[in-house]
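Each chain, letter by letter, is given below.
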Amino acid sequence: MTKALFLLGVAFAFVSVTAGAFGAHGLRAQLEPARLATFETAARYQMYHALALVGVSLAASRWPDGWWSVGGVLFTAGTIFFCGSLYALSLTGARWLGAIAPLGGVCFLAGWLAVLVAALRSGMGSG
């Protein structure tokens, strides 16, 4: 699972950079500022969680614990639901897609809690 999380993190980072460049250069003249800002938020959060996936995979290989994988799966779901819905909302203007984003946000939060549990179980919190 650690290799899959690492590869997924790298792939998400690649897509995030591509999306950011597309937004900055290809969409600036096409989208109103609020929709462009939403697109940029999606790219930013995708990068944050791509890097988190890479970190989780490295931590899981150093301190094996199933909670790292739980965090990685939740970061993946968060990226799909949060970032995916914001990209789609930005490009289509379909406002109902904004209702999906909070589900992704909850996945991100739950993922960070899972990572915290993994870190504490690994002895990182003992000082």
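The residue numbers shown here count from 1 along each chain, following its written sequence. The predicted nature of this model means local features are confined to residues of pLDDT at least 70 and side-chain atom pairs, given and counted, to a pLDDT of 80 or more, with totals for whole chains, interfaces and linings taken over all residues. To obtain the side-chain values, all non-hydrogen atoms of the structure were included, while hydrogens and water were left out.

Draft legend 1. Looking closely at the environment of Thr-92. Secondary structure follows DSSP: runs of H or I at least 4 residues long count as helices, runs of E at least 2 residues long count as strands, and numbering of each begins at the N terminus. Mapped onto the fold, Thr-92 is located in helix H3 (residues 66–92). Here, residues are in contact when the closest pair of their heavy atoms is within 4.5 Å. With residues near it in sequence (within four places) discarded, Thr-92 still touches Arg-35 and Leu-97. A polar contact is formed between the side chain of Thr-92 and the backbone nitrogen of Ala-94, at a distance of 3.1 Å. Here a polar contact is taken to be a pair of N or O atoms separated by no more than 3.5 Å, where protein atoms must pair a possible hydrogen donor with a possible acceptor and residues adjacent in sequence count only if both atoms sit in side chains.

Draft legend 2. The environment of Gly-111, seen in detail. Tracing the sequence through the fold places Gly-111 in helix H4 (residues 101–121). Gly-111 sits in the buried class, given a relative accessible area of 0%. Spatially, the C-alpha atom of Gly-111 lies 4.1 Å from that of Gly-71, the residues being 40 residues apart in sequence. Once residues within four sequence positions are removed from consideration, Gly-111 is found in contact with Gly-71, Leu-74 and Phe-75. Accessibility here uses a 1.4 Å probe with only protein chains present; expressed as a share of the type maximum, an area under 20% marks a residue as buried, one over 50% as exposed, and anything in between as partly exposed.

Draft legend 3. Summary view of the side chain of Ser-85. Tracing the backbone shows Ser-85 in helix H3. The exposure class of Ser-85 is buried, given its relative accessible area of 4%. Polar contacts involving the side chain of Ser-85 include one to the main-chain carbonyl oxygen of Phe-81, which spans 2.7 Å. Those residues in contact with Ser-85 that lie beyond four places of it in its chain are Ile-80, Leu-97, Ile-100 and Ala-101.

Draft legend 4. Spotlight on the packing of aromatic side chains. Side-chain rings of Phe, Tyr and Trp, where Trp is taken by its six-membered ring, are said to pair if the distance between their centres is within 6.5 Å; with planes under 30 degrees apart they count as stacked, over 60 as edge-to-face, and otherwise as tilted. In this structure the tally under the stated criterion is seven aromatic pairs. When the centroid spacing of 4.9 Å and the interplanar angle of 55° are considered together, the rings of Phe-39 and Tyr-87 count as tilted. Of the two residues, Phe-39 sits in helix H2 (residues 33–62) while Tyr-87 sits in helix H3, which places them 48 residues apart along the sequence. Each member of the pair, Phe-39 as well as Tyr-87, is classed as buried. Here the aromatic residues Tyr-45, Tyr-48, Phe-82 and Phe-108 are joined through ring pairs into a cluster of three or more.

Draft legend 5. Examining the nonpolar core more closely. Counting residues in each nonpolar core, the largest one holds 29 residues, and the members touching the most others are Val-56, Trp-68, Phe-75, Phe-82, Cys-83, Leu-86 and Tyr-87. Tallying contributions element by element places H2 first for this core, with ten residues. Non-local contacts of Val-56, meaning those with residues more than four positions away in its chain, are made with Leu-5, Trp-68, Gly-72, Phe-75 and Val-115. Side-chain atoms within 4.5 Å link the members of a nonpolar core, which is a set of buried Ala, Val, Leu, Ile, Met, Phe, Trp, Tyr and Cys residues.

Draft legend 6. Examining the environment of Tyr-87 more closely. Since its relative accessible area comes to 12%, Tyr-87 is described here as buried. Placed 50 residues apart in sequence, Tyr-87 and Ala-37 show a C-alpha to C-alpha distance of 10 Å. When neighbours within four sequence positions are excluded, Tyr-87 is seen to be in contact with Ser-16, Ala-19, Phe-39, Ala-42, Ala-43 and Gln-46. Here Gln-46 takes part through its side chain, which lies 2.8 Å from a polar atom of the side chain of Tyr-87.

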